[in-house]
Amino acid sequence: VQLQASGGGLVQPGGSLRLSCAASGIIFSINAMGWYRQAPGKQRELVADIFSGGSTNYADSVKGRFTISRDNAKNTVYLQMNSLKPEDTAVYYCNVVELDGLGRRSDYWGQGTLVTVSS
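Nothing here was measured: the structure is a model prediction, and the numbers come from that model.

Caption draft 1: Layout of the sheet that holds strand β1 (residues 2–6). Pairing in this open sheet of 4 strands is antiparallel, and the strands run β1-β3-β8-β7 from one edge to the other. Edge positions in the sheet fall to β1 and β7 (66–71), since each has one partner strand and no second. If you compare each strand with its neighbour and ignore which way they point, the axes differ by 15 degrees on average.

Caption draft 2: A look at the pairing of β7. Here β7 shows a clear split, with F66, I68 and R70 buried on one side and none of T67, S69 and D71 buried on the other. Pairing of β7 with strand β8 (residues 76–81) involves 6 bridges; the strand directions are antiparallel. What sits directly across from S69, in β8, is Y78. The antiparallel pairing of β7 with β8 creates a hairpin that spans 4 residues between the two strands, and N75 there sits at a positive phi of about 50 degrees.

Caption draft 3: Region of interest: the environment of M81. Assignment of secondary structure puts M81 in strand β8. Contact partners of M81, with chain neighbours within four places excluded, come to G15, S16, L17, L19, R65, F66, Y92 and V115.

Caption draft 4: Structural view of the state of the cysteines. For the coordinates displayed, the defined rule picks out 1 disulfide. A disulfide bridge connects C21 with C94, and the sulfur atoms are separated by 2.1 Å. Measuring the twist about the S-S bond at about 45 degrees, one finds the C21-C94 disulfide to be right-handed. Taken together, the residues C21 in strand β3 (residues 17–24) and C94 in strand β9 (residues 90–99) connect sequence positions 73 residues apart. No difference in accessibility class separates C21 from C94, as the two residues are buried.

Caption draft 5: Structural view of the environment of D71. Among the structural elements, D71 can be located in strand β7. Residue D71 is classed as partly exposed on the basis of its relative accessible area, which comes to 24%. D71 sits 52 residues away from L19 along the chain, and the two C-alpha atoms are 13 Å apart.

Caption draft 6: Seen up close, the side chain of N95. Mapped onto the elements of the fold, N95 is located in strand β9. Among the polar contacts made by the side chain of N95, one reaches the side chain of D107 at a distance of 3.3 Å. Here the side chain of N95 touches Y108 through a polar contact of 3.4 Å, landing on its backbone oxygen. Contacts of N95, omitting those with residues within four sequence positions, involve L3, A32, M33, G34, Y36, D107, Y108 and W109.

Caption draft 7: Seen up close, the pattern of salt bridges. For the structure shown, the criterion picks out 6 salt bridges. Residue D100 is joined to R104 by a salt bridge in which the shortest nitrogen-to-oxygen separation is 2.7 Å. A residue is classified by how much of its surface remains accessible, and D100, at 17% relative accessible area, is buried. Note that R105 and D107 form a salt bridge whose closest N and O atoms lie 2.6 Å from each other. Taken together, the shared-partner salt bridges connect R37, E45, R65 and D88 into one network.

The rules we used
Within any chain, residue numbers begin from 1 and follow the written order of that chain's sequence. Two thresholds apply to this predicted model, a pLDDT of at least 70 for residue-level local features and 80 or more for giving and counting side-chain atom pairs, whereas whole-chain, interface and lining totals are computed over all residues. As a convention, hydrogens and water are excluded, and side-chain values are obtained from all of the structure's heavy atoms. For two strands to pair, DSSP has to find at least two bridges joining them. Here a helix means four or more residues in a row that DSSP labels H or I, a strand means two or more in a row labelled E, and each is numbered from the N terminus. Angles here are taken between N-to-C directions and fall from 0 to 180 degrees, while the axes themselves are lines fitted to C-alpha atoms, restricted in helices to the stretch in contact. Three exposure classes are used, based on accessible area relative to the maximum for each residue type with a 1.4 Å probe and protein chains only: buried under 20%, partly exposed in between, and exposed over 50%. By definition in these notes, contact holds between two residues if any of their heavy atoms fall within 4.5 Å. Cysteine sulfur pairs qualify as disulfides if the two atoms are within 2.5 Å. Polar contact is the term for a pair of N or O atoms within 3.5 Å; when the atoms are in protein, one must be able to donate a hydrogen and the other to accept it, and sequence-neighboring residues count only if both atoms are side-chain atoms. A carboxyl oxygen of Asp or Glu within 4 Å of a side-chain nitrogen of Lys or Arg is what we treat as a salt bridge.

Written as structure tokens, this is what we have:
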């Protein structure tokens, strides 16, 4: 399984970015797709995830500003980030959880894309 993330970059505070992550090589079913981030000197944290049924979770710090969505036909997850703040600066990683026919879980990670919010 390979994950290809894109969409990071430099943006001014208050600006917007859209991250995309496409998964290839999936054999079984994708249970969840999500985005995590890691800022310098901090632990990786969940930003948002979305399950196969469409339910979503968001970190409190991004609620109301970020929106996660997925295209099941394309095995692609998106993260629309609005009203960006300097504290959103981090490397963003996409994550895919695959379940096999016996319900065993496999986690896959993208290579990370840098988001920098600065004036």
